[in-house]
Amino acid sequence: MDEENRRGKISDTPGSTSRRTFIKGVITSGTAVYSAGYLFRSSSVFGGSTRVGERLITLNVNGQQRRADVNRQETLAWTLRYKLGLTGTKLGCDRAECGACTVLIDDVPHYSCSVLTHTVRGRKVLTIESLATADGKLHPVQQAVVDEQGFQCAFCMSGFMMSAVGFLKDNQNPTREQLAHALSGNLCRCCDYNKILNSMMRAAEYTRNGTHV
Ligand code: FES
């Protein structure tokens, strides 16, 4: 029995958590963290005062005006995760190699670990937490990942999804090769690329037809 089938057998064991349930849990937990971020603004979490070298700025993140004390050398990934509580954006390599930190800036995918926060003032930042609606309806890309069970450990998942969301804004009918090329800046440590591409092709279909539920 090959490795993939072996995993399928394990996940189907009665009483165990299936991979589908696991992936859906990871996606929906991002929404909860997003909400919590608004309750615990940076000033209260980090001591309530601006530290030396920091400056209070306003950022447009996920359609909200967010205030944060930001150091001049601070990266957007750091601000999102540790100042705004948006931990759906992951930090892998922290040097523009893995794509785990991908967010959209003015609808274009960027590695947030390699963008200084000050440079995105006045621009529109979208993170993984922006995808699902407030009432829990998943974005077509998220629904496709759930339906195809496209990731294993899922650490890279939000980065892949943000890259796909950015790409599908301009091309909703890609070939598999075009999609693979669009996602080539994202790495998966589990090497689950085939299933990730299945997911994203399904996401393109859902986006094109508006058929996801
Ligand atoms: Fe930004 Fe790896 S954490 S590219």
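The structure contained in this document is the topic of the report that follows. These numbers were taken from a predicted model, which means no experiment stands behind them.

### Observations concerning the packing of helix α6 (residues 157-170) against helix α8 (residues 193-209)
Move 1: Running from N to C, α6 and α8 point in directions that differ by 40°, and their axes come no closer than 11 Å. As far as their axial angle goes, α8 and α6 are oblique. As for how α6 packs across α8, the hand of that crossing is right-handed. Facing F160, M161, A164 and L168 of α6, the residues of α8 in contact are Y193, I196, M200, A203, A204 and T207.
Move 2: Classifying every residue of the contact of α6 with α8 by side-chain character gives 9 nonpolar, 1 polar and no charged.

### Here's the deal with the packing of aromatic side chains
Move 1: Per the counting criterion, the structure on display carries 3 aromatic pairs.
Move 2: Between the aromatic rings of W78 and Y82, the centroid separation amounts to 4.3 Å while the plane-to-plane angle is 55°, which identifies the pairing as tilted. Of this pair, W78 and Y82 are both found in helix α4 (residues 76-83), 4 residues apart, which corresponds to roughly one turn of the helix.
Move 3: The exposure class assigned to W78 is partly exposed, which follows from its relative accessible area of 42%.
Move 4: By relative accessible area, Y82 is classed as partly exposed at 31%.
Move 5: Among the aromatic side chains, those forming a connected cluster through ring pairs are F151, F160 and Y193.
Move 6: Here the guanidinium or amino end of R189 rests over the ring plane of F155, the centre of that ring lying 4.9 Å away.

### Overview of the pairing of strand β3 (residues 102-105)
Regular strands place side chains that alternate from one sheet face to the opposite one.
Move 1: The two faces of β3 match: T102 and L104 on one face and V103 and I105 on the other face are all buried.
Move 2: Examined bridge by bridge, β3 and strand β4 (residues 108-111) share 4 bridges and lie antiparallel to one another. Bridge assignment links L104 to a residue of β4, and that residue is P109.
Move 3: Turn length for the β3-β4 hairpin, with the two strands adjacent in sequence and antiparallel, is 2 residues, and the turn residue D106 shows positive phi of about 50°.
Move 4: Summarising the sheet, β3 and strand β5 (residues 124-126) pair through 2 bridges and their orientation is antiparallel. Across the sheet, residue L104 finds its bridge partner in β5, namely L126.

### What to know about the nonpolar core
Move 1: Counting residues in hydrophobic clusters, the biggest one holds 26 residues, and the most contacted among them are V141, F151, F160, M161, L183 and M200.
Move 2: Of all hydrophobic cores here, the second largest spans 14 residues; its members include A68, I105, V120 and V125.

### Quick word on the pattern of salt bridges
Move 1: One pass over the full model with this rule turns up 6 salt bridges.
Move 2: R123 serves as the salt-bridge partner of D106, at 3.2 Å between the closest nitrogen and oxygen. Here R123 lies in the loop between β4 and β5 and D106 lies in the loop between β3 and β4, a separation of 17 residues in the sequence.
Move 3: For D106, a relative accessible area of 37% translates into the label partly exposed.
Move 4: Across the pair K169 and D107 runs a salt bridge whose closest N-O atoms are separated by 3.8 Å. With K169 in helix α6 and D107 in the loop between β3 and β4, this residue pair connects regions lying 62 residues apart in the sequence.
Move 5: Classification of K169 by relative accessible area gives partly exposed; the value is 42%.
Move 6: For D107, a relative accessible area of 29% corresponds to the partly exposed category.
Move 7: Here the salt bridges do not stand alone but share partners, grouping D107, K124 and K169 into one network.

### Some remarks on the sheet that holds β3
Move 1: Ordered by their spatial adjacency, 5 strands build an open sheet running β2-β1-β5-β3-β4, and the pairing between neighbours is mixed. Since the sheet does not close on itself, it has two edges, and those belong to β2 (64-71) and β4, each with one partner. Across this sheet, the average inter-strand angle for adjacent strands is 45°, counted without regard to direction.
Move 2: Summarising the sheet, strand β1 (residues 54-61) and β2 pair through 8 bridges and their orientation is antiparallel. Bridge assignment links L59 to a residue of β2, and that residue is R66.
Move 3: Relative to the sheet, α4 contacts β1, β2, β3 and β5, its axis offset from that of β2 by approximately 110°.
Move 4: In the packing of α6 onto the sheet, contacts are made with β3, β4 and β5, and the angle to β3 comes to roughly 30°.

Quick notes on the rules
Residues numbered from 1 in each chain as written. Predicted model: local features only at pLDDT ≥ 70, side-chain atom pairs only at ≥ 80, totals over all residues. Heavy atoms only, no water. Axes fitted to C-alpha atoms, helices over the stretch in contact; angles between N-to-C directions. Helix = DSSP H or I, 4+ residues; strand = E, 2+ residues; numbered from the N terminus. Parallel < 35°, antiparallel > 145°, perpendicular 65-115°, else oblique. Left-handed = near helix turned anticlockwise from the far one by under 90°. Contact = heavy atoms within 4.5 Å. Nonpolar A, V, L, I, M, F, W, Y, C, P; charged D, E, K, R; others polar. Phe/Tyr/Trp six-rings, centres within 6.5 Å; stacked < 30°, edge-to-face > 60°. Buried < 20%, exposed > 50% of the residue type's maximum accessible area, 1.4 Å probe, protein only. Lys NZ or Arg CZ within 6 Å of the ring centre and 35° of its normal. Pairing = 2+ DSSP bridges. Core = buried A, V, L, I, M, F, W, Y, C linked by side-chain atoms within 4.5 Å. Salt bridge = Lys/Arg side-chain N within 4 Å of Asp/Glu carboxyl O.

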